Amino acid sequence: METWTTIAPFIGLGGLLCSLLLYSYIKKAPAGTPEMVEIAEAIHEGAMTFLKREYTILAGFIVIVFALLFLFIGANTAYAFLAGSICSILAGYTGMNAATHANVRTAQAASEHGQGRALNMAFSGGAVMGLAVAGLGLFGVGSLAMAFGVWHDVSQASTINGFAMGASSIALFARVGGGIFTKAADVGADLVGKVEAGIPEDDPRNPASIADNVGDNVGDVAGMGADIFESYVGSVIATIAIAATASVSMLNILAPGISDPTSAKLASMSFPLIVITIGLVASLFGVLTVRVMQNADPGAALRYSTFVSAALMLAGSWWVAGQLGLSNQPVWALCAGCLAGIAIGLITEYYTGGKPVRDIAEASKTGSATNIISGLAVGMESVALPTIGIVIAIGLAFHFAGLYGIGIAAVGMLATVGITMSVDAYGPIADNAGGITEMAGLGEETRKITDGLDSLGNTTAAMGKGFAIGSAALTALALFSAYTSAIGAKTGAKIVIDVTEPIVVVGLFIGAMIPYLAASITMRSVGKAAFEMVEEVRRQFREIPGLMEGTAKPDTKRCVDISTTAALREMILPGLLAVLAPVVVGFLLGPVALGGMLVGATVSGVLLALMMANSGGAWDNAKKYIEEGNLGGKGSDPHKAAVVGDTVGDPFKDTSGPSLNILIKLMSVISLVLAPLFV
């Protein structure tokens, strides 16, 4: 076992090295004409400026929380929190830096070499993000566990909980801030440019076009990367925490061949870390699969790469379990989580890329109201099957390995994050490539290629969000289980969350309310920021002579600044809500009420997040379906109705929906870290 846990951080460094090599490959590729380079540099500059300003604000938050943890919880937990925060920041920064270089090179590859080379370039940009997330997570958790002596002293396992808290804290601010930025720009660009002025999407005359492309990166690359990173490390740390407090009866199920309880605990604790080590290696094979299949159907290439990685991870994990002395029960739970994750992804693909999308497009023929009604109905319906998948995964995982099984099932969903994040981050790069193609005037053939990759990117992004939300349910449940175990270890009595107790019901209702309140806050934030953007775009069309004629250039930097300022201002309140809610409830109402709050937040948050993410993805692709020439094509009445629906769906899928899965996990991990203070 010691050999495996020792090499894990080095495998993480190997993943980071592969990420760096891919980044070098992207940088060496031709970037196209001087005009393309100029556009790409404007996008890169805007994105990096936003990140620097965002991280400057978050630095103050990190310092304050670090000091509080150091004083009231312990030095090691505080250092782990700091490490988690830094790794989350590095993951977002690395991925976005690569994405803003890959976008223009994808457009150039589409123009010069066609779809296959363009797919390879966009996916390579996403793979930098995916491998960076996997490498940083594995290196961070593995190194801290070694440094704090977790593999030699089971009682030290709680110290690494701070790493998950740091990752979750940064992820929520990054996701909300990036989501507000991108949707403020997108809504402003669509409503004024496409609906009012009647010009195409990404038209160089539109002042918000650069801000819109910047937003794709800060929201769907940096924000999503931080989101998946915190899910990844959170699932591993929750499983380690459950194993560290496992009962003798549970250990007999997990490791019946190991007679010493401490050795059985250590084997069970090391298993999730070793699984993600194998998952990182399997993800590298998945990346190679896409390169081999780059000239095949893009959707099939991306889908099969995920399947290949998952199969290799499961096979390797089964072999390692035997080497550690574990039974097959945790492996079956791992399989349940992995298969549930794939199922949720495929279900999401159907609802955001199949018949429901065409139904929404058909509804657009009678106006924007029926488009919105149809989109909401699709989103609500899309909750059912993923929820059943999550329920089956939880039931099977618990049947095979108890609470530990639920944690390892969450690990199974996320172990191949290197490939799943690559597929997800591919989407915004393809979207940016389409924007650069339009603004640089590369022609209809190139635009057709990038539009095809972009449409697939909408589906892969929706699949990524579905994957993240599904894993959030299992991870939050695992963190909740670890929380109840921590409270029980502190008090010496098992904590029971009994719904017949009024105090538990109070907590349930408070928790169920919080995701709705957070969604409202973020939706309003997008609305306010979008209003500022709409007014600015209208002003420029009105006051800049020759702008509509194409003889003058818009002030794109002003639009980027509006989105940046609004996003950084509006991200504070949702972040504080998630951080303070468990603290207030824990201290005022006690640990049992807090347990009820976590249950309520998990259930309502997962369902609301699924509905919002899938509605938004379906609305977006319904608009693109019409733009392909169906139902009258661009400029028709159905198209105008679909643009309105897509505008409503933008904050659903890219701001409010994705932030909710982080919200519930952040509340759970804060409760876990602060559990000793509540009793």
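Residues numbered from 1 in each chain as written. Predicted model: local features only at pLDDT ≥ 70, side-chain atom pairs only at ≥ 80, totals over all residues. Heavy atoms only, no water.

Let's talk about the overall build of the chain
Part 1: What the chain contains, in helices and strands, is 20 helices and zero strands.
Part 2: Taking 26 Å as the expected radius of gyration for a compact globule of 679 residues, we find that the chain reaches 24 Å, a close match to that expectation.
Part 3: For the chain, the spread of C-alpha atoms along the principal axes amounts to about 80 × 50 × 45 Å.
Part 4: Burial statistics for the chain: of 679 residues in total, 65% are counted as buried.
Part 5: For the chain, the proportion of contacts with a sequence separation of at least 24, taken over those separated by at least 6, is 86%.
Part 6: Surface summary for the chain: the accessible area is close to 22,300 Å², and the carbon and sulfur share equals 65%.
Part 7: Here the chain carries 36 positive and 49 negative side-chain charges, and the mean point of each set is 2 Å from the other. (Helix = DSSP H or I, 4+ residues; strand = E, 2+ residues; numbered from the N terminus. Rg over C-alpha atoms; globule rule 2.2 N^0.38 Å. Buried < 20%, exposed > 50% of the residue type's maximum accessible area, 1.4 Å probe, protein only. Contact = heavy atoms within 4.5 Å. Areas by Shrake-Rupley, 256 points an atom, 1.4 Å probe, with all protein chains shown as cover. Lys, Arg positive; Asp, Glu negative; His and termini not counted. Charge placed at Lys NZ, Arg CZ, Asp CG, Glu CD.)

So, the confidence of the model for the chain
Part 1: Looking at the chain as a whole, its pLDDT mean stands at 87, while 97% of the residues score no less than 70.
Part 2: For the chain, helix α15 (residues 444-491) is the element with the lowest average pLDDT, namely 76, and helix α12 (residues 368-381) is the one with the highest, namely 95. (pLDDT = per-residue confidence, 0-100.)

Some remarks on the nonpolar core
Part 1: In terms of nonpolar packing, the biggest core is built from 233 residues, with F163, M269, F271 and M667 touching the most fellow members.
Part 2: With 20 residues, helix α6 (residues 209-244) is the single largest residue contributor to this core.
Part 3: Excluding anything up to four places from it in sequence, M667 contacts I514, A578, A581, P582, M597, L598 and A601. (Core = buried A, V, L, I, M, F, W, Y, C linked by side-chain atoms within 4.5 Å.)

Quick word on the pattern of salt bridges
Part 1: Counted under the stated rule, the structure contains 21 salt bridges.
Part 2: Of the charged contacts in the structure, one is a salt bridge between K653 and D654, with a shortest N-O distance of 2.7 Å.
Part 3: A residue is classified by how much of its surface remains accessible, and D654, at 1% relative accessible area, is buried.
Part 4: Linked through salt bridges whose partners overlap, the residues forming this network are D620, K623, K624, D646, D650, K653 and D654. (Salt bridge = Lys/Arg side-chain N within 4 Å of Asp/Glu carboxyl O.)

As for the packing of helix α3 (residues 75-112) against helix α14 (residues 417-440)
Part 1: Between α3 and α14, whose axes approach to 8 Å, the crossing angle comes to 55°. If you check the angle between α3 and α14, you find them oblique. Seen from above, α3 lies across α14 with right-handed handedness. Packed against α3, whose contacting residues are A99, A102, N103, V104, T106 and A107, the element α14 presents I429, N432, A433, I436 and T437 at the interface.
Part 2: Partitioning the contact of α3 with α14 into residue classes produces seven nonpolar, four polar and no charged. (Axes fitted to C-alpha atoms, helices over the stretch in contact; angles between N-to-C directions. Parallel < 35°, antiparallel > 145°, perpendicular 65-115°, else oblique. Left-handed = near helix turned anticlockwise from the far one by under 90°. Nonpolar A, V, L, I, M, F, W, Y, C, P; charged D, E, K, R; others polar.)

Some words on the side chain of N217
Part 1: With respect to the element layout, N217 can be found in helix α6.
Part 2: Only 3.0 Å separates the side chain of N217 from the backbone oxygen of N213, close enough to count as a polar contact.
Part 3: Among residues more than four places away in sequence, those in contact with N217 are I43, A47, M96, A99, T100, A222 and N432. (Polar contact = N/O pair within 3.5 Å; in protein donor to acceptor, adjacent residues only side chain to side chain.)

Overview of unusual backbone geometry
Part 1: The phi dihedral of L631 falls on the positive side, at around 55°, and the residue is not glycine.
Part 2: Counting through the fold element by element, L631 comes out in the loop between α19 (591-627) and α20 (637-674).

Structural notes on the packing of aromatic side chains
The geometry of two aromatic rings is summed up by the distance between their centres and the angle between their planes.
Part 1: Evaluation of the coordinates by the stated rule reveals 11 aromatic pairs.
Part 2: Look at F50 and F181: their rings are 5.2 Å apart centre to centre, the planes differ by 65°, and that puts the pair in the edge-to-face class. Taken together, the residues span a long stretch of sequence, with F50 in helix α2 (residues 34-72) and F181 in helix α5 (residues 161-196) at a distance of 131 residues. The pair F50 / F181 is uniform in exposure class, with both members buried. (Phe/Tyr/Trp six-rings, centres within 6.5 Å; stacked < 30°, edge-to-face > 60°.)

Overview of α14
Part 1: With 24 residues, α14 should cover 34 Å at 1.5 Å per step; its first-to-last C-alpha distance of 34 Å lies within 8% of that length.
Part 2: Among the 24 residues of α14, 23 are classified as buried, and the element is accordingly described as predominantly covered.
Part 3: Of the residues flanking the end of α14, it is G441, one or two places downstream, whose phi is positive at about 65°. (Expected span 1.5 Å × (residues − 1).)

Some remarks on the environment of G412
Part 1: Among the structural elements, G412 can be located in helix α13 (residues 384-414).
Part 2: Distance from G412 to A174, taken between C-alpha atoms, is 25 Å for residues 238 residues apart in sequence.
Part 3: Sequence-distant contacts of G412, that is, excluding residues within four places in its chain, are made with M313, L334, G337 and C338.

Comments concerning the packing of helix α16 (residues 502-543) against helix α17 (residues 556-570)
Part 1: One way to put it is that α16 packs onto α17 with a least axis distance of 10 Å and a crossing angle of 165°. Considering their axes alone, α16 and α17 lie roughly antiparallel with respect to each other. Of the two elements, α16 crosses α17, and the hand of that crossing is right-handed. For the pair α16 and α17, contact is made by S525, K528, A529, E532, M533, E536, V537 and Q540 and by R558, C559, I562, S563, A566, R569 and E570, respectively.
Part 2: When its residues are assigned to classes, the contact of α16 with α17 shows six nonpolar, three polar and six charged.

A few points about a nonpolar patch on the surface
Part 1: There is a patch of nonpolar side chains on the surface, built from I57, I503, V506, I572, L576, L580, V584, L588 and L589 and spanning about 700 Å² of accessible area.
Part 2: No other element matches helix α18 (residues 572-589), which puts six residues into the nonpolar patch.
Part 3: Topologically, L580 is positioned in helix α18.
Part 4: L580 gets classed as partly exposed once you look at its relative accessible area, which sits at 44%. (Patch = residues over 30% accessible without salt bridge, like charges linked within 9 Å, V, L, I, M, F, W, Y side chains within 5 Å.)

Some thoughts on the environment of D646
Part 1: For D646, the location among the structural elements is in helix α20.
Part 2: D646 gets classed as buried once you look at its relative accessible area, which sits at 1%.
Part 3: When the C-alpha positions of D646 and L21 are compared, they lie 37 Å apart, and in sequence the two are 625 residues distant.
Part 4: Beyond its immediate stretch of four places on either side in the chain, D646 contacts D190, W619, D620 and K623.

So, the state of the cysteines
Part 1: Enumeration over the complete set of coordinates arrives at zero disulfides.
Part 2: Of all cysteine sulfurs in the structure, the one in C338 sits closest to C335, which takes part in no disulfide; the separation is 7.2 Å.
Part 3: With relative accessibility at 16%, the residue C335 sits in the buried group.
Part 4: Judged by its relative accessible area of 3%, C338 is buried. (Disulfide = S-S within 2.5 Å.)

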